[in-house]
Structure formats: structure tokens, C-alpha cells
Amino acid sequence: LTRKYPQESLSDLGAIESLRVPGKEEFRELREQPSDPQAEQELINSIEQVYFSADSFDIVKYELEKLPPVLNLQELEEYRDKLKQQQAAVSKKVADLILEKQPAYVKELERVTSLQTGLQLAAVICTNGRRHLNIAKEGFTQASLGLLANQRKRQLLIGLLKSLRTIKTLQRTDVRLSEMLEEEDYPGAIQLCLECQKAASTFKHYSCISELNSKLQDTLEQIEEQLDVALSKICKNFDINHYTKVQQAYRLLGKTQTAMDQLHMHFTQAIHNTVFQVVLGYVELCAGNTDTKFQKLQYKDLCTHVTPDSYIPCLADLCKALWEVMLSYYRTMEWHEKHDNEDSASASEGSNMIGTEETNFDRGYIKKKLEHGLSRIWQDVQLKVKTYLLGTDLSIFKYDDFIFVLDIISRLMQVGEEFCGSKSEVLQESIRKQSVNYFKNYHRTRLDELRMFLENETWELCPVKSNFSILQLHEFKFMEQSRSPSVSPSKQPVSNSSKAVTLFEQYCSGGNPFEIQANHKDEETEDVLASNGYESDEQEKSAYQEYDSDSDVPEELKRDYVDEQTGDAPVKSVSRETLKSRKKSDYSLNKVNAPILTNTTLNVIRLVGKYMQMMNILKPIAFDVIHFMSQLFDYYLYAIYTFFGRNDSLESTGLGLSSSRLRTTLNRIQESLIDLEVSADPTATLTAAEERKEKVPSPHLSHLVVLTSGDTLYGLAERVVATESLVFLAEQFEFLQPHLDAVMPAVKKPFLQQFYSQTVSTASELRKPIYWIVAGKAIDYEQMLLLMANVKWDVKEIMSQHNVYVDALLKEFEQFNRRLNEVSKRVRIPLPVSNILWEHCIRLANRTIVEGYANVKKCSNEGRALMQLDFQQFLMKLEKLTDIRPIPDKEFVETYIKAYYLTENDMERWIKEHREYSTKQLTNLVNVCLGSHINKKARQKLLAAIDDIDRPKR
């Protein structure tokens, strides 16, 4: 049925199964009845939809329920006829459809019949098959089939046995794992544990395996814990084999990054535990009991309980322990660098790109972690040592102990710089503050001691050997070593390579840079003192033999041959004859050319050595140390000048004995260093009191030193020892200048240059004013003026005999020469000193001669000739007494004598050009010439010119 009504579908024919199906006769009758298709269709369409509903529809009940309450027979009959007509229409429609599908029905029925025949044939075949199977069963024995079943069962049991054996092995793995952990074979234990876990996952279908899996997991966690303990041991004592095993184990676990994080945590903990245990050990040892109260203290509080006696050993042990920790870290980095290179080489040959990328990532992480850890570990070390240093006041220590503390800290800072390139700002700032405070107090005490030494110094020669060098003193031994003074030179590694060996390279295989060399000082001795002027009798004989022979000239004579005008500059071309002829001026032939110095000088040099030790150990305070060193030199120079060179009458001579540079230096020292006040003013301000604390009272010469005796040339021996010791001290400062310049900060170098150019270099300039005092008293110049005043100069004839005053003056010089020889028996008089003495005496004598000539009232031409004769006689005899050439102020006398013969115009020009003469001398020259070749008018003109020259002086 193709209509739109659902009731017309063949599948819904069950809905009208309650309708009676007509028989053949009825079909025939229905077909034979006249039909109207349109009317029939309208009847079918008039059927209510409910008749086409589900099978459970009750038509009778439905129609009964539709009956009205009051029944009408006619209406009921009409409704019944309508239903019959509808039924008839439906029945006819069904009959038509059946007749329409009749051929298909017949065809399908035939197919069903064929299918039934096929099924019957299949039943026959099955029956035959079963019969044949029974025959086969009877043909084969059950034994054969049982054999096959047993074989299969055997194979299954063999597999089961293998599984049981594997399970048994897994059960016994914990014993082997324990043995491997005791043997510290961590990679093997982890490998075994991982293999067991893999095998256990294969047999997870067995119930016993679940418990084993849990046990293996616990074992693996236990291995990781022991592995962490093994990793912590690396921090104090690095062992390559041990660390290699640990790293291999972590690599098997895939936790190399975690291992590196743990390692840094262990290093931090190791630093804390190490320093605490070291300090705790010393504190408990010094306390003398086992009281546990110290163990409960914080490290900072514990450091305050360290006694002064145990402070240095504790600090040394503390640094030794920290060195071990840093060395372990250094060797850990070395291990990783070496294995990274090996891994990179092996990775380049492999083809697993993913694995290589993961390895490179881990390697990069570890490298960055290790590099970052360098500064972190060094920072922890600095803080621990700084806390220890602040726990005790370092001012209670003696200098040598304090230097030793600085040496240890300096070595530690050197370790830090090599460790991570750090400048150790934390330690530097801490130790610098304490060092500056300590050094200020120490320096103040040393200045007071120096004043005491100077005031008690008798200026006797301290006998040292001719080869004496400050490097032979204990205090300067550090300059011969490449390292700090706490390590003996014998302990220093000998290396021919130009590359400096670091401490980590030096002590990587063993030893410790903080080992205290207790017997260091005992191994070294000072051999600088001589028993007398000569170091041996043979030297004394050879000194004369060498001098008298024609083959050689003493080197010290060559070295001491200096220019007479300066006393310093060497003469370039000197013949052998000239040198041999100079023995009359060399008063040091009977002495070895040893340095001239006193005990006080030696003490100052030792102090300088100690100061340089501190500066060398702790370079940040270099400026403060050099400033204090300069004060030692300043005070020594000022004392020498105060004792032997201060004479206000010297400057009145107009000879410029004290240079402006020397006067400036002395004034600076007096203003900045010398306390000129005898007692403190109670009304003085606090600032003034603080300034006075930085100053030292002016020293006073010992009453045992006599400078007024003519027999000793007014203390010449003491003056020579004092002055030449200052010159020697200046030479040592010059020798040390490169070392000082190397450690001085760049911004402070101008101070050092100024100190050397304005102070050290002026030491030799003190010779002139000091020896001028001797020269001014050694010759009786006043007596010579009196003798010259008695001479008659207006003679009428040329004289052939010189005057008596010349002989008297020469006798004074001969006596001066004898006294110099006597003094030289006590003290070697260096050639520059004897030259200066002779130069001063000759200069004073010549100026006295000019002064005597200037006192002449009347003088003739013959008198002027007599003056020339007297002076030439003086020069001739004088040249036999001294080697000084040219004679000082020779032209000063000769020019004054010759000026008598000048004309008016020439004399006026001469007066303007020669301002070295005094007004009195020039005036007398003009007055004496009056009447001979100068008239009164010219005299007035010349006197006016002299007055013009003298006016600026007034």
C-alpha cells in the first residue's frame, strides 16, 4: 500500500486482524459485485483513525462507549449499516491487494520448499560426518592424544619454572643490594634495582610480585638516601673515584640536576658545620671542661669565647678547614670540565640527537650552577671568617701576632681571588678598619719610641759588614719571596715556566697553604754586624796593598769620587794618577767601606720593614702605611737637623747653604708632625687636642753628645755618623721606591712622588748646613782678620815675601787636616763629606781674605800686587793639603783684587755684574781707588750705583 495513511501499510495489517478474512467464495462475490472505486475510497477514508492504532485496541469496547445514554434503534441500525459498508469496503480492498500479490506469493512459496529440501540434505551430511568421526575416534588410541596433551603441559611447566626462578632471584636481590651499598658500588646497586623493577613488571600477574615491587621501590629510595650521604662526603675530602661513582649513580637515576642542587646545599652546610666544630673544639679545650653549653651557642657568640692564646691557631685551623672545602669544590669543577669534554667527544660520534640534546641541557645547567656556586661559597666563607675576626679585639695582639693574622687573612683573600676572581670586599673592609686602627696606635707608640731612641742616641757607629743590605734583615725577607712570609722559601715551588702557579694547582695533590711554619724564623739568621771596622785582618792588609799597587784602584774610591761643587754628581773622566793622588783627602782608607749608620737608624729600617710587611699583606691600607713610613723618615730628618744643623747665623752668610726645598720640607715637618707646645692648654679645643695626638714632641740632643770641643772638631764624628746615617736611610727609601710604587693606589701616587722629590731627595742637602758649623769653628778666621789688619798695603815697592797671616792660615788648615785624621780613626769619613768640609773651610777662608782686603784703608798698586802674592802663596800651599779642584771661591778673591785696576766705566759695569760682594766690600773698593785713578765725581757715581744695588736688598 502506497497511500499516505499508515493503516494501509502491509506491516500494519495486524491492526485489523480482528476483522474476518473472506473466503474464496466471498472473494468471488466481492469481485463480481459492481464497484465504484471512488465511493469505496471515501468509505475507507471515513473510517476513524483510532481503528488503525495498536493491537491492544478494543473495537467493541470503543463502540459501546460511544453509545449515547438514550438509545435510538433507528440510529443504531443506521450506524451498524455504515460500519458494515466500511467493513465491506475494507475487505474488498484487502482482497484486491491479495489477488494483486498472488504471483509473488507463489514464487516465494516455491523458494521455501527448495530450502526445506536443502536442509534435509544437510542433515544427511551431518549424520555421515558424525559416523565418520566415531570411526576416527575408534581408529586412534587415547594414549597418542594424551602424549600430545602432556607435551603441551610440559612446555607450560618449563615456562612456569623459569618464572619461579626469576621470582626467587628477585626475592633475594635485597641481600646483594646491601652488599653493593656497603662496597659503595652505587651505580651497580641502582642498575640492579632498576633491572629488578623491570623484571617485576614482567611478572606483575603473579600476586607475590606486587609486594616485591613495593619492596624494590623502598630499596631504591634507601639507595638515594645513602647516595645523598655519599655526595655530602665530597665537600670535605674530594675523591675522584668516589665522586665518579656518585655521578654515575645519579645519571642512572636521571637526577643529575637534582644531584647538583643537593651538592651545593651540602657545601653550604659543610662550611657552617666545619667552622662551628673547629671553633667549638678550641673553646672547649681552653675552657677545660666538657660543658655542653657551648654547643648550644650560635657561631657568632661562640667566637667571642676564643682566648687570645688560641686565637691564631684556631684561625689557622679554621682557614685550613675552609681551604679543604674550597679545594673540594675546585676539584669538583675540574672533574666536570674533564668529563664534559669527554662526553662532548663521544656525543659527536653518536647519532641519537634527542639524547644528545638532553645531555647538553644537563651539562649546561651543571656548568652554570657550578659557576654561580663559586661566588656563593666564597661569600659564605668570608662571612664566617669575618664573624670570627669580629669576635675578638685585635688590638690586644703584639705586632708579630697581628702581622701573622693579617698574613693568614691575606692568604685567604688570595685563595678567594684565585677561587672565583673576587676581590674579597667583605674581608677587606673588615680587616682594613681593624688594621688602620691597630696601626695608628702602633705607629704612635713607635714614634714615641723613636723620640726616646734619638734623645738617648750617642751617635756612635753601629758596625755592620761592608756587604750589608736591608734584605738581610728578618723584616725584609718577604721581599725575596713570591708569597707571604708565613711560608718558608724552601717550601715555595720551583717552576721554570713563566706562568704563575696558583695555590689550587700548587696544593691540589696535597698540603695546605695555611700550614704554620713554626720553625721559620729559627731557620733564618741575621749576619749583618761586624766585630770591628774591618771584617777580618786580611781585609785590612789588602786595603792598603790594593791602594799602593799600580794594578788596581779601590772601587770604593772610584765610587766616592764626586764633584766638589755638588758633593753628589760623579766626575766622568778620572785618570789613575788623579785617583792615586787623592789619598790625602780620603780619610776612609783605614776602614772598610761599610755603611755608616747607628742603632737608631737600624731600628728605623726594621720599622720600615715591618710597615712594608703589613702593606704587602694588606694592600688596601697601603696609603696609610706609606704615610706613616714617611713620618718616620720626616722625624729622623728633623731630629738630625735640630741636633746638628740648626744655626740661625748660617743664613746670614748669604751662601744659600739651605736650599729653599730643604727649608720648605723642614717647615712642613714642623707644622704637621712636631708638637712644639710643652704642656697641654686646658682651654684648647677638642679639635686642637686631637691634632696634638697626631704630633710628636721635638727631640732633644743627649747631654752625652759634646759638640763644643775643638779637639774633636766640634763633634764631627757624631755629626758624620748622624748625617751619613740619614743619607743611608734615604738611599734605602730610594731602593724601596719601586716596591712602594707598585702597591700604592693610583690616586695616591702623587703623594708618594711628592714625598720622594721633596723629602727623601733633600737628605744629602743637610750635609752643607751641618758641616758648615764645623768648618766655621775649625779655623780661627777672626785671628786671620786681625793679622791682616796689621799689614801695611800702601807700600811703594813690589814685595817678594808674603805676609805672616798666610802662614798662620795655612797652619790652621794643617791642624784641621790632623784633626780630620784623628776623627777618621773613630769614624770613616766618606770622600763627599771630607770634600764638603774642605770646601766650606776654603770658602770661608777665601771670603775672610776678601773681607780682610775690604778693611784696608789705603792701598797702592804694589799693595795690590802683594795681595796677589799672598793669595797665590796660600793657594800653592793649600793644594798640597787637599785634592779639591778647582779651589772654591778662588775667582771670588782674584776678581776682587783685579777690580782695583779697572777704569771708572769698567768698574761701574763690574759693580753691576758682581752682586756677590757685600756693599761694604764694594764701597771700600771704590774708596781705596780714590786718588789713584778715580776722582771724587766718579767716586760719587760709583757709590750711587752701589746704593742702587743695595736698595732692593733693604
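You'll find the structure just up there.
Note that the coordinates shown come from a computational prediction; the quantities given were computed from them, not determined experimentally.

Chemist: Honestly, helix α29 (residues 767-778) in this entry has me stumped. Any pointers?
Modeler: One turn of the α-helix equals 3.6 residues, which is why residues spaced by three or four share an orientation. Over its twelve residues, α29 extends 16 Å from the first C-alpha to the last, a length consistent with the 16 Å expected when each residue adds 1.5 Å. In terms of burial, α29 is largely enclosed, as nine of its twelve residues are buried.

Chemist: In this structure, what is going on with the pattern of salt bridges? I would like to understand it.
Modeler: Pairing between side chains of opposite charge can happen when their charged atoms approach one another. Under the counting rule described, the total for this entry stands at 28 salt bridges. Salt-bridge contacts for Lys-320 lead to Glu-515; the nearest nitrogen and oxygen are separated by 3.7 Å. Taken as a pair, Lys-320 in helix α13 (residues 308-349) and Glu-515 in the loop between α17 (503-506) and α18 (520-523) lie far apart in primary sequence, 195 residues in all. Classification of Lys-320 by relative accessible area gives partly exposed; the value is 22%. With a relative accessible area of 36%, Glu-515 lands in the partly exposed category. Ionic pairing is found between Glu-455 and Arg-451, a salt bridge with its closest N-O pair at 3.5 Å. Residue Glu-455 and its partner Arg-451 are both found in helix α16 (residues 425-456); the two are separated by four residues, about one turn of the helix. Several salt bridges share partner residues, and in doing so they unite Glu-839, Arg-843, Arg-847 and Asp-889 into one network.

Chemist: It is not clear to me how the packing of helix α10 (residues 240-253) against helix α11 (residues 256-287) should be interpreted in this structure. Could you clarify?
Modeler: Put simply, α10 and α11 touch, their axes get as near as 8 Å, and they point 135° apart. It follows that α10 is oblique to α11 by the angle criterion. Contacts from Tyr-243, Tyr-250 and Arg-251 of α10 reach α11 at Thr-256, Ala-259, Met-260 and Leu-263. Residue classes in the contact of α10 with α11 are distributed as five nonpolar, one polar and one charged.

Chemist: Explain unusual backbone geometry here, please?
Modeler: A negative phi angle is the norm for most residues apart from glycine, just as the trans form is the norm for most peptide bonds. The omega angle of the peptide bond from Arg-885 to Pro-886 is -5°, so this bond is cis rather than trans. Counting through the fold element by element, Pro-886 comes out in the loop between α33 (861-881) and α34 (890-898). The phi angle at Leu-713 is positive, at roughly 55°, despite the residue not being glycine. For Leu-713, the position within the fold is in the loop between β2 (696-697) and α27 (716-743). Exposure remark for Leu-713: the relative accessible area of 0% places this residue in the buried category.

Chemist: Hey, could you run me through α34 in this one?
Modeler: Taken together, the buried positions of α34 are Phe-892, Val-893, Glu-894, Tyr-896 and Ile-897. As for α34, its buried residues are in contact with α32 (831-854), α33, α35 (904-913) and α36 (919-929).

Chemist: When you look at the packing of helix α31 (residues 804-826) against α33 in this model, what are you seeing that I'm missing?
Modeler: Close contact between α31 and α33 brings their axes to 10 Å; oriented N to C, the two are set at 15°. Overall, the two elements α31 and α33 adopt an arrangement that is roughly parallel. Where α31 crosses over α33, the handedness of that crossing is right-handed. Where α31 approaches α33, its residues Tyr-805, Val-806, Leu-809, Leu-810, Phe-813, Glu-814 and Asn-817 are matched on the opposing element by Asp-870, Gln-873, Phe-874, Lys-877, Leu-878 and Leu-881. Residues belonging to the contact of α31 with α33 are distributed by class as follows: eight nonpolar, two polar and three charged.

Cut-off values and rules
Residues numbered from 1 in each chain as written. Predicted model: local features only at pLDDT ≥ 70, side-chain atom pairs only at ≥ 80, totals over all residues. Heavy atoms only, no water. Helix = DSSP H or I, 4+ residues; strand = E, 2+ residues; numbered from the N terminus. Expected span 1.5 Å × (residues − 1). Buried < 20%, exposed > 50% of the residue type's maximum accessible area, 1.4 Å probe, protein only. Salt bridge = Lys/Arg side-chain N within 4 Å of Asp/Glu carboxyl O. Axes fitted to C-alpha atoms, helices over the stretch in contact; angles between N-to-C directions. Parallel < 35°, antiparallel > 145°, perpendicular 65-115°, else oblique. Contact = heavy atoms within 4.5 Å. Nonpolar A, V, L, I, M, F, W, Y, C, P; charged D, E, K, R; others polar. Left-handed = near helix turned anticlockwise from the far one by under 90°.

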